[in-house]
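The residues making up each chain are set out below.
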Amino acid sequence: MTTYFAPHAWLDEGVTSNVRITVHSGRITAVEAGARLRGDVPLPGLVLPGLANTHSHAFHRALRGRTHDSVGNFWTWRERMYAVAARLDPDSYYALARATYCEMVQAGVTAVGEFHYLHHAPDGRPYSDPNVMGHALRAAAFEAGIRLTLLDACYLTAGVDGGPLEGPARRFGDGSVAAWAQRVAALPADEFSQIGAAIHSVRAVPGEALPEVVEAAGGRALHVHVSEQPAENEACLAAYGVTPTQLLYDAGALSVQTTAVHATHVVDSDIALLGGSASSISMCPTTERDLADGVGPARRLLDAGSPLTLGSDQHALIDPFEEARALEMDERVATMERGRFTPAQLVAALTGQHALGWHDAGRIAPSMRADLVALRLDTVRTAGAAPEQAILAAGAADVDTVIVDGRMIVSGGRHVLGDIGAQLHAAIAPLWT
Ligand SMILES: [Zn+2]
């Protein structure tokens, strides 16, 4: 048993001072406010529940600082992403994912949703173990000390027109929903990783195949890219006469287990379907701005009934606090109003562990998993901030301590695996030579 002492902690009732948190076997067993430090492990600053990164493509980390030198758009960016995808094998994927997940933990993330579609060998043929790339991700997460929800994506076609996967995209596809489901069924879950499912998008899974994917997902977390780009909407309307959200709804793909990723270009009826089904949303503001996607209707989606969560997606930045700040700031720019979200609503978005199937995480309360993130309040960014508003001033570099399932993975701002910058460099440099 270990007891931690927090000068300030973000509890269900809000920021509370002088909190003792008792942890036993990876769980919080007691939370005591108004306590006095007496032989506890002291944590600095403001202690938050574990943050959830609900949308990650680990290998996109290799693109950071490599795609900003020219104009272009999502589609030209995707050409470079495909070039990196073509070079990865299970060993290099493991090294890159491990370093990327370490960067996440160092930023306060205790669980990641990996939207996984880089499945097969470069020519599209399965490896001798067809799940070897998924195993690489699971091993990487375990080593990095982060919980993983592996959202294995069904990816069948190159576009809404149903064209075949070509070039690097051949690695993504299993050929049929049945083959995808059979492969995913061979992936085991454990205490620190779950196997979820994903529909890559309505571009990659034909409408008639969607119900079969939903059935195979079987009530597990189901994620899907939705309306990140207007072109997806136009193609979907041309092919099916309905929006991507409506197509998903008609297929039974929207439910409380579902997370719609981006939902940038959704119309009023889409918002009603997403909210009415209590589907969660994974907003990825730093990616959406980097790719010039646009600003999605976050506040309206929340008001309609969709819990908001946050993802770093292509990892142009891994900083959950910047994602949360962007959620609010993008709304301000779009609506010319301040205070679109309260700090408590932003913390709820930061801790969206439910969207990854971790319903026993994301709060500092008895019986919850012992995920604790201590944010310093005495750095050049956070000094002077009121604890209640510190998340709007903080950045990833202000994270001092990260405890995941009761294990201290980051202390004094350093990951137990050492120099993560060096590990990222070692993993990424060979991909560009
Ligand atoms: Zn994505």
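Heads up: the structure comes first, above all this text.
Residues numbered from 1 in each chain as written. Predicted model: local features only at pLDDT ≥ 70, side-chain atom pairs only at ≥ 80, totals over all residues. Heavy atoms only, no water.

Undergrad: Kindly report on the environment of Ala 85, identifying the contributing residues and their values.
TA: You can see Ala 85 is positioned in helix H1 (residues 74–85). Given the relative accessible area of 0%, Ala 85 is considered buried. Taking the C-alpha atoms as reference, Ala 85 lies 8.5 Å from His 60; in sequence the two are 25 residues apart. Those residues within four positions of Ala 85 in sequence are excluded, and the remaining contacts are Phe 59, Leu 118, Arg 171 and Phe 172. (Helix = DSSP H or I, 4+ residues; strand = E, 2+ residues; numbered from the N terminus. Buried < 20%, exposed > 50% of the residue type's maximum accessible area, 1.4 Å probe, protein only. Contact = heavy atoms within 4.5 Å.)

Undergrad: Which residues make up the coordination of the zinc ion, and what values do they have?
TA: The zinc ion binds to the protein through His 55 (NE2), His 57 (NE2) and His 225 (NE2); the donor distances cover 2.0 to 2.2 Å. Here the donor residues of the zinc ion share one chain and are spaced in sequence as H-x1-H-x167-H. With His 55 in strand S6 (residues 51–56) and His 225 in strand S10 (residues 222–226), this residue pair connects regions lying 170 residues apart in the sequence. (Donors = N, O, S within 2.8 Å, 3.2 Å for Na, K, Ca; no water.)

Undergrad: Requested: an account of the pattern of salt bridges, with residues and values cited.
TA: Summed over the entire model, instances satisfying the criterion amount to 27 salt bridges. A salt bridge links Asp 268 to Arg 300; the nearest nitrogen and oxygen atoms lie 2.4 Å apart. Placement of Asp 268 in helix H8 (residues 268–276) and of Arg 300 in helix H10 (residues 298–304) is noted, with a sequence separation of 32 residues between them. Residue classification places Arg 300 among the partly exposed residues on the basis of a relative accessible area of 40%. Linking Arg 289 and Glu 322 is a salt bridge whose minimum nitrogen-to-oxygen distance equals 3.0 Å. With Arg 289 in helix H9 (residues 285–290) and Glu 322 in helix H11 (residues 320–335), the pair connects residues that are 33 residues apart, well separated along the chain. Here the salt bridges do not stand alone but share partners, grouping Arg 27, Arg 147, Glu 191, Asp 360, Arg 369, Asp 371 and Asp 405 into one network. (Salt bridge = Lys/Arg side-chain N within 4 Å of Asp/Glu carboxyl O.)

Nothing here speaks to function; it is all geometry.
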